[in-house]
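One-letter residues, chain by chain:
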Amino acid sequence: MLVTNKEVLSVASAGGYAVGAFNINNMEILQAIVETATEEKSPIIVSASPSAIKYAGLEYLTAMVKAAAKTSSIPMTLHLDHGKDIETATMCINGGFTSVMIDGSHLDFEENIAMTKHVVELARSKGVSVEAELGKLVSQESTAQDAEDPYTDPDAAVEFVDRTGVDALAVAIGTSHGAYKFKGDVKLDFERLKVIRSKVDIPLVLHGASGVPSWIVEKATKYGAELSGAKGIPDEHITQAISLGIAKINIDTDLRLAFTGSVREVLATSPKVFDPRKILGPAKENMKKVVQEKMRLFGSSGKAP
Ligand code: G3H
Ligand code: 13P
Ligand code: ZN
């Protein structure tokens, strides 16, 4: 069943759990997410980035997600991840997405507001939800060099939400994209998240939330991946973030690591295999383990009506 982010996130916020937003780039990733969600009875947000759209094609992606929504009764959304401009958001709003992220975090405050407001107006007429981002997701190393505070300012968040009318807000509290999130200790600004939550009452979003779990890294490394220094967000930090109001959690890197670890294993241990189904099938199963762990960690298992 295809629904909007606004629908799944308002229920999650009220229920004190978070919904996973998992990035897709091909059929096996989508099937891993949808099959696990169906088994776990969990709502899901299926995310497609502009580069995923470029890779797979908008028509293919929307058709696959519509097919998935027909075969499963769990609430699922099709969400644009990190739409950087009005054109991309418009294409997805008109193309069948039920939610779009307009990411103006690279712009200055007023420009971010203007672009976000524009997309909210376009989306409203089609019943599509909108997520925006305030603050920057930077790695630990770049934070140190950056004179300006990259994290979300709570008062600016209040003004941003009031003036744009967005349905969900991505906040910057120290997470970052990819497999190398911290050089030293894991540090997230939970005090700031607490203040934002006390002032902003729409669902909050955590990007860059992959855990880079050791079981995935060990498997990938065993079969030749070079991942030294990889570090993600520990589970207990995710639990704390949810308790402080995070209702949508974005995961891509952990799926990529699970995919590559499994493909490497098959190629390394079965040199005679050249049937793509025998290579991608196990990769799907490995990604399903990741998705199941996340749904249980986020508290979304069993929450689909
Ligand atoms: O935010 C980043 C997501 O992991 C998507 O990455 O732009 O390579 O598809 P991508
Ligand atoms: P990770 O790289 O931590 O998986 O974050 C993904 C993300 O935020 C997609 O928008
Ligand atoms: Zn992101």
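All chains use their own residue numbering, which begins from 1 and follows the written sequence. Chain A is the first chain written and ligand 1 is the first ligand written, with later ones labelled in order. Reporting in this predicted model follows two pLDDT cut-offs: at least 70 for local features of residues, and 80 or more for side-chain atom pairs to be given and counted; totals over whole chains, interfaces and linings ignore these cut-offs and use all residues. Side-chain calculation: all heavy atoms of the structure are included, whereas hydrogens and water are not.

Draft legend 1. Structural view of the site of ligand 2. For ligand 2, the set of nearby residues contains 14 residues, the closest of which are Asp 81, Lys 181, Ser 210, Asp 252 and Thr 253. Here a polar contact is recorded for every N or O atom pair within 3.5 Å, except that within protein the pair must consist of a potential hydrogen donor and a potential acceptor, and residues adjacent in sequence are included only if both atoms are side-chain atoms. Within the backbone of Asp 252, an N or O atom sits 2.7 Å from an oxygen atom of ligand 2. Note that accessible areas follow from Shrake-Rupley with a 1.4 Å probe, and for residues the cover is restricted to the protein chains shown. Contact with the protein chains hides 97% of the accessible area of ligand 2, taken as 300 Å² for the molecule alone. Put simply, the grid is 1 Å and covers the protein atoms alone, a cavity is a trapped set of points that fit a 1.4 Å probe, a pocket is an open set with protein on both sides within 12 Å along at least five of seven lines, and lining residues have an atom within 4 Å of a point. A cavity or pocket is said to hold a molecule if more than half of that molecule's atoms lie within 2 Å of its grid points. Here ligand 2 is seated within the largest pocket. Side-chain classes are defined by residue name, with Ala, Val, Leu, Ile, Met, Phe, Trp, Tyr, Cys and Pro counting as nonpolar, Asp, Glu, Lys and Arg as charged, and the others, Gly among them, as polar. When its residues are assigned to classes, the shell around ligand 2 shows two nonpolar, nine polar and three charged. Definition of nearness: a residue and a molecule or strand are near each other if at least one heavy atom of the residue lies within 4 Å of the molecule or strand.

Draft legend 2. Structural context of the environment of Ile 233. Only DSSP runs of H or I covering at least 4 residues are called helices, and only runs of E covering at least 2 are called strands; the numbering of each starts at the N terminus. Residue placement: Ile 233 occurs in the loop between helix H10 (214-222) and helix H11 (235-243). Each residue's exposure class comes from its accessible area (1.4 Å probe, protein chains only) as a fraction of the maximum for that residue type: buried when under 20%, exposed when over 50%, partly exposed otherwise. For Ile 233, a relative accessible area of 1% translates into the label buried. Spatially, the C-alpha atoms of Ile 233 and Lys 187 are 9.2 Å apart, while their sequence positions differ by 46 residues. Residue contacts follow a heavy-atom distance rule, with two residues in contact if any of their heavy atoms lie within 4.5 Å. Excluding anything up to four places from it in sequence, Ile 233 contacts Thr 175, Lys 181, Phe 182, Leu 188, Gly 208, Ala 209, Ser 210, Gly 211 and Ile 238.

Draft legend 3. Spatial organisation of the site of ligand 1. Every residue lining ligand 1 is accounted for by Asn 23, Ser 49, Ser 51, Asp 81, His 82, His 177, Asp 252 and Arg 256. Take His 82: an N or O atom from its side chain is 3.3 Å from an oxygen atom of ligand 1. His 177 is positioned such that a nitrogen or oxygen atom in its side chain is 3.2 Å from an oxygen atom of ligand 1. Within the complex, the protein chains bury 70% of what would otherwise be the 300 Å² of accessible surface of ligand 1. When each cavity is represented as a set of grid points, ligand 1 is found to reside in the largest pocket.

Draft legend 4. Looking closely at the pattern of salt bridges. What counts as a salt bridge is simple: a side-chain nitrogen of Lys or Arg found within 4 Å of a carboxyl oxygen of Asp or Glu. Within the structure shown, the criterion is met by 18 salt bridges. Salt-bridge contacts for Lys 194 lead to Glu 191; the nearest nitrogen and oxygen are separated by 3.4 Å. With Lys 194 and Glu 191 both in helix H9 (residues 190-199), this residue pair falls three residues apart, about one helical turn. Note that Asp 275 is salt-bridged to Arg 277, the shortest N-O span being 3.0 Å. When salt bridges with common partners are traced through the structure, they connect Glu 35, Glu 39, Lys 284 and Lys 288 into a single cluster.

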